Amino acid sequence: MKDVLSLFVRRLAVSLACGTLLVVVWLWTAGAIYLLGAVCLGYVAAGVCIWTLVWRTWRAAGLSQLAAKRQMWWGLAVRLGMLTGVLLVAVKISVPVFYGTVLGFGLCYGLAMAQFLRLAWEQNKHGGRA
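One structure accompanies this document, and this report is about it. Keep in mind that this is a model prediction, so the values were computed, not measured.

**Examining the overall build of the protein**
Here is step 1: Across its full length, the protein carries four helices and zero strands.
Here is step 2: The N-to-C order of helical and strand elements in the protein reads α-α-α-α.
Here is step 3: Projecting the C-alpha coordinates of the protein onto the three principal axes gives extents of approximately 50 × 35 × 15 Å.
Here is step 4: Looking at the 130 residues of the protein, the share that counts as buried comes to 32%.
Here is step 5: About 8300 Å² of surface is accessible on the protein, with carbon and sulfur atoms providing 73% of the total.

As structure tokens, then:
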């Protein structure tokens, strides 16, 4: 499990660095580089969501079916509550900050899900090895 997660983190870091470079160039050319902090806030929110998803899934793997279901529902509630709180704070600051936060969250979460899918596909293709 640690090997798979370290590979996931390494790949996510590389893809996120490339995505961030594109976002920085785009914000710079648009004259909105001040929104980079909002994008980073979106990254943090997505990181917390991804971490709770992985941690609760890993924890639920050793539980009974009913306990695992409760664990997953609780994790969903935590993720949605945290995301709602972050986005409400961002929209109270300003609409551009809200959009920057959504951009950062969407980019980080989307890249993470793409990396999860890639790892699952590689494990199926290679018989359990990534």
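**A word on the state of the cysteines**
Here is step 1: A complete count under the given rule lists zero disulfides for this structure.
Here is step 2: The thiol sulfur of Cys-108 is not disulfide-bonded, and the nearest other cysteine sulfur, from Cys-49, lies at 9.5 Å.
Here is step 3: In this structure Cys-108 comes out as buried when scored by relative accessible area, which is 5%.

**Regarding the pattern of salt bridges**
Oppositely charged side chains can pair when the atoms bearing their charge come close.
Here is step 1: Overall, the coordinates contain two salt bridges when judged by the stated rule.
Here is step 2: The partner of Glu-122 in a salt bridge is Arg-118, and the shortest N-O contact between them spans 3.2 Å. Remark: Arg-118 and Glu-122 occur in helix H4 (residues 95-125); sequence separation between them is four residues, near one turn of the helix.
Here is step 3: Among the charged side chains, a salt-bridge network with shared partners connects Arg-11, Arg-118 and Glu-122.

**Some thoughts on the nonpolar core**
Here is step 1: Grouped together as the largest cluster of nonpolar side chains are 25 residues, with contacts concentrated most on Phe-8, Leu-27, Ile-50, Phe-105 and Cys-108.
Here is step 2: Elements that contribute at least two residues to this core include exactly helix H1 (2-30), helix H2 (36-60), helix H3 (65-93) and H4.
Here is step 3: For this core, the element with the most residues is H2, which contributes eight residues.
Here is step 4: Contact partners of Ile-50, with chain neighbours within four places excluded, come to Phe-8, Cys-108, Tyr-109, Ala-112 and Phe-116.

**Some points on the environment of Phe-105**
Here is step 1: Relative to the assigned elements, Phe-105 resides in helix H4.
Here is step 2: Taking the C-alpha atoms as reference points, Phe-105 and Cys-40, 65 residues apart in sequence, are found 8.4 Å from one another.
Here is step 3: If we ignore the near neighbours within four places in the chain, the residues touching Phe-105 are Gly-42, Tyr-43, Ala-45, Ala-46, Cys-49, Leu-83 and Gly-110.

**Here we look at H4**
Here is step 1: Taking 1.5 Å of rise per residue, 31 residues should cover 45 Å, and H4 covers 44 Å from first to last C-alpha, within 8% of that figure.
Here is step 2: For H4, the set of buried residues is Val-97, Gly-100, Thr-101, Gly-104, Phe-105, Cys-108, Ala-112, Gln-115, Leu-119 and Glu-122.
Here is step 3: Put simply, Ser-94 is the residue that caps the front of H4, since its side-chain oxygen is 3.2 Å from the backbone nitrogen of Val-97.

**Some thoughts on the environment of Leu-36**
Here is step 1: Position of Leu-36 among the secondary structure elements: in helix H2.
Here is step 2: Accessibility expressed as a relative area gives 25% for Leu-36, which makes it partly exposed.
Here is step 3: Separated by 68 residues in the primary sequence, Leu-36 and Gly-104 place their C-alpha atoms 8.8 Å from one another.
Here is step 4: Aside from chain neighbours lying at most four places away, what touches Leu-36 is Val-24 and Leu-27.

Each value, and the rule that gives it
- Residues numbered from 1 in each chain as written.
- Predicted model: local features only at pLDDT ≥ 70, side-chain atom pairs only at ≥ 80, totals over all residues.
- Heavy atoms only, no water.
- Helix = DSSP H or I, 4+ residues; strand = E, 2+ residues; numbered from the N terminus.
- Buried < 20%, exposed > 50% of the residue type's maximum accessible area, 1.4 Å probe, protein only.
- Areas by Shrake-Rupley, 256 points an atom, 1.4 Å probe, with all protein chains shown as cover.
- Disulfide = S-S within 2.5 Å.
- Salt bridge = Lys/Arg side-chain N within 4 Å of Asp/Glu carboxyl O.
- Core = buried A, V, L, I, M, F, W, Y, C linked by side-chain atoms within 4.5 Å.
- Contact = heavy atoms within 4.5 Å.
- Expected span 1.5 Å × (residues − 1).
- Polar contact = N/O pair within 3.5 Å; in protein donor to acceptor, adjacent residues only side chain to side chain.

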